[in-house]
Amino acid sequence: MSAGPDDARGGAPVRDGHADICVVGAGAAGLFAAIWAARSAHASSDPGVAPVSVLALDGAARIGAKILVAGGGRCNVTHHEVREADYSGSTPASVRNVLRRFGVDRTVEFFRDLDVELKREDTGKLFPTTDDAHTVLDALLGALRMSGAALRHPWRVTDVRRLGSGFEVSGPAGSLTCSRVILASGGKSLPKSGSDGAGLEIARALGHSVTTMIVPALVPLTLPEGHWIRGLSGLTVDAEIVLRSSTTRKMRAIRGSTLCTHFGISGPSVLDMSRHWHHARDADPGCTLEMSWLPGTSAEELDAWLVSCKGAGTVAVLRDRMPERLARALCAAADVAPDSTVQQLGRERRRALVSLLAGTPLPVTGDRGWNAAEVTAGGIPLAEIDVRTMESRIVPGLHLAGEICDVDGRIGGFNFQWAWASGFVAGCSAAEALRSAHVAGEQ
Ligand SMILES: Cc1cc2nc3c(=O)[nH]c(=O)nc-3n(C[C@H](O)[C@H](O)[C@H](O)COP(=O)(O)OP(=O)(O)OC[C@H]3O[C@@H](n4cnc5c(N)ncnc54)[C@H](O)[C@@H]3O)c2cc1C
């Protein structure tokens, strides 16, 4: 094994190109898996048995890129209430089984033990009180060192092969053997951070399937060149994005802060809708998105409201409930003279305006791609993983954790909570399986 020295302070050294547990990827899930594998191996160590060595490998020159950019550099570590309904991908029951093993309380406690206090904001999101993601990353790296796990990087893994009862892990830096592998190499979002989907190919080569759809999620959406919403770049409103089937059935509605940009639309409502739009479009190419600018008010109510304002100027009326810039843009899109009174509009133009207010069609042309996506929708289905241990049902000895799994959360700290919980289960289970094997005299 031709790699640099271990970053670990204690624990079992990684010698002769062998580690008992090798964690591939040291992002949120991999760091957690390595910490808990080492902690639980240490906690249950038997004086007569050699200590368990845990080694995390990461291809990135700088560890924790995603943790540092998360939450605009503040790192939204979790959410005060996390339920399976906050996730998409694999079945809610399987997601719940993992989440309940390491809940929000334990996340708060874990970080508190490392002197990182989390504060809850009005949205329910939890951030470090320092408002600085470095606090979170430094704490995780400190916990890793204290746990006795080793970390080597840059150490990119290109191949994981089964070898007798264990594995051979190799890459340009060399190769090593191990008894158990925890694959925590992330998905495909933000590839410059080191997560480019290579781990999905490694899992596939080992015999796993990967969902047919792997798409950017929590990603801004694009509108055609020249679309009037693009002209509102910088405007943020509380709006509702509605997804309709080709038969106009309402499939999903997400209300929240919505940002108009020079390329299309963004903001929490749009980011949360993006994965549903991708999936709906795959099954029903005629599905559509629309935006309600005054959510909670029906088209009939809007019409009645406008009618009641008959003598007032149209923009002046709209301005009471929205920014003037938006009011003028809506008038222009509905072919309404902005200074005309509502009475002067006539029924047809008033109806056109109401129709845009209640549901402006969004002719979405695509998304902003992997570089702008916060997470990956799709991955290894949990059906192929024993969620009690996060061990593969296909490759014994292989555990999976984090975004590589077919689980993606909505915006608000849910994706990190998945990484913490699945990393915890994978790490503890890998250590426990090794301990059981030692006791049984197998390894
Ligand atoms: C801009 C942005 C902001 C975000 N903000 C938040 C937020 O505030 N709250 C929240 O909950 N979620 C947020 N997320 C999502 C969250 O960061 C991810 O869901 C989470 O980091 C996934 O953790 P992971 O460990 O599974 O994967 P990753 O964090 O992607 O880590 C995978 C690691 O594996 C390494 N790796 C990959 N392939 C290999 C290989 N072949 N060999 C060796 N190493 C490899 C990578 O270098 C990387 O370090 C954000 C994401 C982005 C992109």
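Residues numbered from 1 in each chain as written. Predicted model: local features only at pLDDT ≥ 70, side-chain atom pairs only at ≥ 80, totals over all residues. Heavy atoms only, no water.

A. Up close: helix α4 (residues 104-113). Among the residues of α4, those classed as buried are Val-104, Thr-107, Val-108, Phe-110 and Phe-111. Down the axis, α4 shows its buried residues gathered within 160° of arc, on one side only. Opposite the buried face of α4, by more than 90 degrees, sit the exposed residues Asp-105 and Asp-113. Looking at the buried side of α4, the elements it contacts are α1 (28-43), β3 (78-79), β5 (118-120), β6 (125-128), α5 (133-147) and α12 (414-439). Looking at the residues trailing α4, positive phi occurs at Asp-115, about 70°. (Buried < 20%, exposed > 50% of the residue type's maximum accessible area, 1.4 Å probe, protein only. Helix = DSSP H or I, 4+ residues; strand = E, 2+ residues; numbered from the N terminus. Arc of directions from axis to C-beta. Contact = heavy atoms within 4.5 Å.)

B. Just the packing of helix α8 (residues 299-308) against helix α11 (residues 342-359), in detail. It is at 9 Å that the axes of α8 and α11 come closest, and there the two elements cross at 150°. By the angle class used here, α8 and α11 are roughly antiparallel. When you trace α8 past α11, the crossing you get is right-handed. Of the residues in α11, those in contact with Ala-299, Leu-302, Asp-303, Leu-306 and Val-307 of α8 are Val-342, Arg-350, Arg-351, Leu-353, Val-354, Leu-357 and Ala-358. Of the residues contributing to the contact of α8 with α11, the split by class is nine nonpolar, no polar and three charged. (Axes fitted to C-alpha atoms, helices over the stretch in contact; angles between N-to-C directions. Parallel < 35°, antiparallel > 145°, perpendicular 65-115°, else oblique. Left-handed = near helix turned anticlockwise from the far one by under 90°. Nonpolar A, V, L, I, M, F, W, Y, C, P; charged D, E, K, R; others polar.)

C. Representation of the domain arrangement of the protein chain in the model. By domain assignment, the protein chain separates into domain 1 (18-214 + 377-439) and domain 2 (221-367). If you average the C-alpha positions of domain 1 and of domain 2, the two centres end up 41 Å apart. At the interface, seven residues of domain 1 touch eight residues of domain 2. The largest share of the area that domain 1 buries against domain 2 comes from Ser-88, Met-213 and Ile-411, three residues that together contribute 71% of it. Summed over the shared surface of domain 1 and domain 2, the result is one salt bridge. Arg-275 serves as the salt-bridge partner of Asp-408, at 2.7 Å between the closest nitrogen and oxygen. Taken together, the connections running from domain 1 to domain 2 amount to two residue pairs in polar contact (both at pLDDT 80 or more). (Domains from an automatic or database assignment. Buried area = accessible area lost by both parts, 1.4 Å probe. Salt bridge = Lys/Arg side-chain N within 4 Å of Asp/Glu carboxyl O. Polar contact = N/O pair within 3.5 Å; in protein donor to acceptor, adjacent residues only side chain to side chain.)

D. Quick look at the sheet that holds β5. Pairing in this open sheet of three strands is antiparallel, and the strands run β3-β6-β5 from one edge to the other. Looking at the sheet topology across the chains shown, the edges are occupied by β3 and β5. In terms of strand pairing, β5 meets β6 through three bridges, oriented antiparallel. When the sheet's bridge partners are listed, Arg-120 is paired in β6 with Leu-126. (Pairing = 2+ DSSP bridges.)

E. Layout of the sheet that holds strand β18 (residues 366-367). With antiparallel pairing, seven strands are arranged side by side in an open sheet as β17-β16-β13-β14-β15-β12-β18. Sheet topology places β17 (360-362) and β18 at the edges, where each strand pairs with a single neighbour. Direction of pairing for strand β14 (residues 250-260) relative to strand β15 (residues 264-266): antiparallel, over a ladder of two bridges. Each residue of the ladder has a partner; that of Leu-259, found in β15, is Ser-266. Lying on the sheet, helix α7 (residues 268-283) is in contact with β12 (221-222), β13 (236-244), β14, β15, β16 (288-292) and β18; it crosses β14 at an angle near 140°.

F. Examining the packing of aromatic side chains more closely. Summed over all chains, the structure comprises 13 aromatic pairs. Here Phe-32 and Trp-36 contribute two aromatic rings whose centre-to-centre distance is 6.4 Å and whose plane-to-plane angle is 55°, an arrangement assigned as tilted. Of this pair, Phe-32 and Trp-36 both sit in helix α1, four residues apart, which is roughly one turn of the helix. Overall, the relative accessible area of 0% leaves Phe-32 in the buried class. The exposure class assigned to Trp-36 is buried, which follows from its relative accessible area of 13%. Considering the side-chain rings of Phe-102 and Phe-424, the 4.8 Å spacing of their centres and the 40° angle between planes classify their relative orientation as tilted. Linking Phe-102 in the loop between α3 (92-99) and α4 with Phe-424 in helix α12, this pair joins segments that are 322 residues apart in sequence. In this pair, the class of Phe-102 matches that of Phe-424, namely buried. An aromatic cluster is defined as three or more aromatic residues linked by ring pairs; in this entry it consists of Phe-32, Trp-36, Phe-102, Phe-110, Phe-111, Phe-416, Trp-420 and Phe-424. When the ring centre of Phe-263 is taken as origin, the NZ or CZ atom of Arg-368, which lies over that ring, is 3.8 Å away. (Phe/Tyr/Trp six-rings, centres within 6.5 Å; stacked < 30°, edge-to-face > 60°. Lys NZ or Arg CZ within 6 Å of the ring centre and 35° of its normal.)

G. Broad picture of the pattern of salt bridges. With the rule as written, the count across this model stands at 23 salt bridges. The residue Asp-86 makes a salt bridge to Arg-83 at a minimum N-O spacing of 3.0 Å. Exposure remark for Asp-86: the relative accessible area of 3% places this residue in the buried category. With a shortest N-O distance of 2.9 Å, Arg-156 and Asp-196 are connected by a salt bridge. Of the two residues, Arg-156 is situated in the loop between β7 (150-152) and β8 (159-163) and Asp-196 in the loop between β10 (174-183) and α6 (198-205); the sequence distance between them amounts to 40 residues. Put simply, Arg-74, Lys-119, Glu-121 and Asp-131 are held in one network by salt bridges that share partners.

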